[in-house]
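Take a look at the letters that make up each chain.
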Amino acid sequence: MEVDWLIHNALVLTLEPGSAPIPQGYVAVKGRQIAGVGQLASQEGVEERGTTAPGCSLAGEGACPTSPGLPFPPPPPARHLLDAQGALVMPGLVNTHAHAAMVWFRGLADDLPLQPWLQDFIFPAEAGWLDANRVYWGTLLAAAEMIKGGTTTVADSYFYESECRRALAQAGLRTVTAQGVVDFPAPGIPDPRDNLKVAAAFVESGADFDPDLITSTIFCHAPYTCGPETLQQAKAITRRRGLPWFIHLAETRQEVEELQQQQGLTPGVHLDRLGLLDELTVAVHGVWLPPEDLELLARRGVKVSHCPESNLKLAAGVAPIPELLALGVRVGLGTDGAASNNDLDLMGEMSLAARLHKVWQRDPTVLPAAQTVALATREGAGVLGLADKTVTLTPGKDADLLVLDLNQAHLTPLFDPYSHLVYAARAADVRHVMVAGRWLLRDGELITLNWPEIAGRIRLESRDLAAFCRNLRSL
Ligand SMILES: [Zn+2]
C-alpha cells in the first residue's frame, strides 16, 4: 500500500498509554489518517514512490517478514517523504479552552484587578469596538499563533462564534466551537432574550461544516452571568445532540462566596441541582471548588479545563488539579483568552502547570513531565470527546501531529523527550504541523493562512482600538 506521506528518521512519541519513544521512527499518513507507525532498521533508506521493502503490510503486523528481528514492519512506499532527522514527531497539542478573538486585547490592559480590567477595558471594548468582521480577523491571528505553536485542536468559546468558526475552518484546525451565552447584552446579541435562539441557530448551522473537523456547541459564560433557566435550556440543546457543553466554574473566590451567601450552595451542588453535571459538561477553571464538589464532579464524569496562566495573571488562584486527577477526573490544559494570558502557547502552559503544582504542593514529584504532556494532548482530546478520533499516533486515527526540531542548544543533550517538552522546549521549536493529513505549517511557514495579510490588518486596526480606549479613559 502506497501512503501519501512518510515522515521518517524521527524520534516518535505515539502517546498511546504505556508506549515508549521510538528512535529512528517513522509515521505514515494516507489521506487524513495515520496509516502506520514504526521504526527504521539501522540506516535503512527510504525513497519516494514505493521502492522500500515491499511485502509488509502496516497496522497489526507483529514482526516483519523482510526484517524479522524488528518489532515494527518496515516503512511503506510513499508519494512524499519528510526527512525528520534530529526532530521529534508527536500528536498535536489540544487547547481545551480559548477565546481566540481576544488576541485583539493582548497587552491592552495588564496588571489590573479583575473587576476594573473587565469593567473598564474588556467589556467596553467588546461592546463598542468589536464587531463580526474583527472577530473573524482576530480569530485568524489566533489560529496563526496556535498552528505555529503546535496546536492542532482548539475548543473556542466566544461571541459572534460563527465568525470564529469560519476563521478556524479556513485555518484547517480541528475545532470544538461554542457560541457564548450570557443573560445581558453581548457582542452580536443586543437583546439577551435572543441569547439561546442565537446559540441554537449556531449549533444547527454546524451542519454546513466538515463534521469530522468541526463540532458546534454552546458555552454558558458562568453561573453568575446565566440564570438557572438559561443554563438548563442551553444544556438541553447540547445534551440532545451529544455535544460537549462549556461553563466557567468557580474561577474566583468572590463568585463562590456570593453563591454561598445568596443560595447557601457550592458551585458544584448548584449546577447538580439544575441537572447540569454529566460526562458532556466541561467545567473551565474550577479554582475554588471545595472538596465535596471535586467528588461530585468525579461522580458525574464532568471534565475539567485547567488554564493556569490565566488563573495566575488574574490572581484567581491555583486549581486543585492533582486532587481532581487523583479522583479520576479527566483534565485538559487551556490557554483561556490572550487578554489574560497573554498568548495561546500550550508549550508554555505545560511548563507552568508542571512547575506550579509542584511548588503549590511543595512536592517536586507532582505532575511529572509525561503526565503533563498527556494533559496537553491525549487527555485534552478526551475532555473534548475526541479521544476516539485523534491525538495518539495510532493507525486509523486522524493524522494530527507536530514535528519539533530537537537540534537546538536548549534541547541538548536529550535523555527524556517528555522532560524537554515540558521544561525546555518552546513553541518556536515547532517546524511542521498537520491536521487530518493536511499540512498547516511547513518549515515554520503557515500554509493555510496569509500571514502578511493578517498581520497588516491587525496592526492597522489595533491603532483604532488604542484610540477607542484613549477616548474611554477621557470620558
Ligand atoms: Zn475563559
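These figures come from a predicted structure and were not determined experimentally.

**Student:** Provide a residue-level description of the domain arrangement of the chain, including the pertinent values.
**Tutor:** Per the domain assignment, the segments making up the chain are domain 1 (3-90 + 393-443) and domain 2 (93-383). On a C-alpha basis, the centroid separation for the pair domain 1 and domain 2 is 32 Å. Domain 1 puts 26 residues into the contact, and the matching count from domain 2 is 30 residues. Taken together, both faces of the contact between domain 1 and domain 2 bury some 2100 Å²; the carbon and sulfur share is 66%. Of all residues in domain 1, L15, V422 and Y423 bury the most surface against domain 2, accounting for 27% of the area lost on that side.

**Student:** Before we move on, can you summarise the pairing of strand β7 (residues 151-158) with the specific residues and values?
**Tutor:** Regular strands have side chains that alternate between both faces of the sheet. With eight of eight residues buried, β7 is to be regarded as a mostly interior element. Here strand β6 (residues 93-98) pairs with β7 via four bridges, running parallel. From the neighbouring strand, A98 faces β7, where its bridge partner is D156. In this region the chain leaves β7, passes through helix α3 (residues 161-171) and returns to the parallel neighbour strand β8 (residues 174-181); the handedness of that crossover is right-handed.

**Student:** Give me the lowdown on α3, citing residues and values where you can.
**Tutor:** Inspection of α3 places E161, E163, C164, R165, A167, L168 and A171 among the buried residues, and these make up the whole buried set. Considering only its buried residues, α3 is in contact with α2 (132-148), β7, β8, α4 (195-205), β9 (214-220) and β16 (438-442). Following α3 by one or two positions, G172 has its phi on the positive side, about 90 degrees.

**Student:** Any chance you could break down the packing of aromatic side chains for me, citing the residues and the numbers?
**Tutor:** Any aromatic ring pair is given by two values, namely how distant the centres are and how the planes are angled relative to each other. For the structure on display, the rule yields five aromatic pairs. For the pair Y136 and W137, a centre-to-centre distance of 5.7 Å together with 85 degrees between the ring planes defines the contact as edge-to-face. W137 carries the same exposure label as Y136, and that label is buried. In this structure, R134 is placed above the aromatic ring of W129, and the distance from its NZ or CZ to the ring centre is 4.0 Å. Above the plane of the ring of Y136 lies R166, whose end atom (NZ or CZ) is 3.8 Å from the centre.

**Student:** Summarise the state of the cysteines; cite the residues concerned and give the values.
**Tutor:** Taken as a whole and assessed by the stated rule, the structure comprises zero disulfides. Just so you know, C469 is unpaired, no disulfide at all, and the nearest cysteine sulfur is the one on C164, 19 Å from it.

**Student:** Kindly report on helix α6 (residues 253-263), identifying the contributing residues and their values.
**Tutor:** Looking at α6, one finds that the buried residues are E255, V256 and L259. Mapping the buried residues of α6 onto a view down its axis gives an arc of 100 degrees, with all of them on the same face. In this structure, the buried side of α6 is in contact with β10 (245-249) and α7 (267-273). G264, located one to two residues past α6, shows a positive phi value of around 65 degrees.

**Student:** A description of the pattern of salt bridges should follow, citing residues and the corresponding values.
**Tutor:** Counted by the stated rule, this structure contains 20 salt bridges. Between E461 and R134 there is a salt bridge whose closest N-O contact spans 2.6 Å. Remark: R134 occurs in helix α2 and E461 occurs in helix α15 (residues 451-474); sequence separation between them is 327 residues. Just as E461 is buried, R134 falls in that class too. Counted as one network, the salt bridges with shared partners bring together R32, R174, D210, D398 and D400.

**Student:** Quick one: what's the story with the environment of D131, residue by residue and with numbers?
**Tutor:** Within the secondary structure, D131 is located in the loop between α1 (114-128) and α2. In the structure, D131 is positioned 28 residues away from F159 in sequence and 9.5 Å away in space, judged by C-alpha atoms. There is a polar contact of 2.8 Å between the side chain of D131 and the backbone nitrogen of R134.

**Student:** Go over the coordination of the zinc ion, please, and point to the residues and values.
**Tutor:** When a metal holds four donors in a tetrahedron, each ideal angle between them is 109.5 degrees; when it holds six in an octahedron, the ideal angles are 90 or 180 degrees. In this structure, H97 (NE2), H99 (NE2), H248 (NE2) and D336 (OD) serve as the protein donors to the zinc ion, at separations of 2.1 to 2.2 Å. One way to put it: the four donor atoms around the zinc ion meet at angles of 88 to 161 degrees, and that makes the site irregular. One chain supplies every donor to the zinc ion, and in sequence these donors are spaced H-x1-H-x148-H-x87-D. Of this pair, H99 sits in the loop between β6 and α1 while D336 sits in the loop between β13 (331-333) and α11 (346-361), placing them 237 residues apart in sequence. In this structure, H99 and D336 share a single accessibility class: buried.

**Student:** Report on the confidence of the model for the chain, specifying residues and quantitative values.
**Tutor:** Scored by pLDDT, the chain has a mean of 93; 93% of the residues are at 70 or more. Every residue in residues 49-69 scores below 50 in pLDDT, and together they form 46 contacts with partners more than four places removed in sequence or on other chains.

Each value, and the rule that gives it
- Residues numbered from 1 in each chain as written.
- Predicted model: local features only at pLDDT ≥ 70, side-chain atom pairs only at ≥ 80, totals over all residues.
- Heavy atoms only, no water.
- Domains from an automatic or database assignment.
- Contact = heavy atoms within 4.5 Å.
- Buried area = accessible area lost by both parts, 1.4 Å probe.
- Buried < 20%, exposed > 50% of the residue type's maximum accessible area, 1.4 Å probe, protein only.
- Helix = DSSP H or I, 4+ residues; strand = E, 2+ residues; numbered from the N terminus.
- Pairing = 2+ DSSP bridges.
- Right-handed = clockwise from strand over helix to strand, strands pointing away.
- Phe/Tyr/Trp six-rings, centres within 6.5 Å; stacked < 30°, edge-to-face > 60°.
- Lys NZ or Arg CZ within 6 Å of the ring centre and 35° of its normal.
- Disulfide = S-S within 2.5 Å.
- Arc of directions from axis to C-beta.
- Salt bridge = Lys/Arg side-chain N within 4 Å of Asp/Glu carboxyl O.
- Polar contact = N/O pair within 3.5 Å; in protein donor to acceptor, adjacent residues only side chain to side chain.
- Donors = N, O, S within 2.8 Å, 3.2 Å for Na, K, Ca; no water.
- Tetrahedral: all angles 85-135°; square planar, octahedral: opposite > 155°, others 65-115°.
- pLDDT = per-residue confidence, 0-100.

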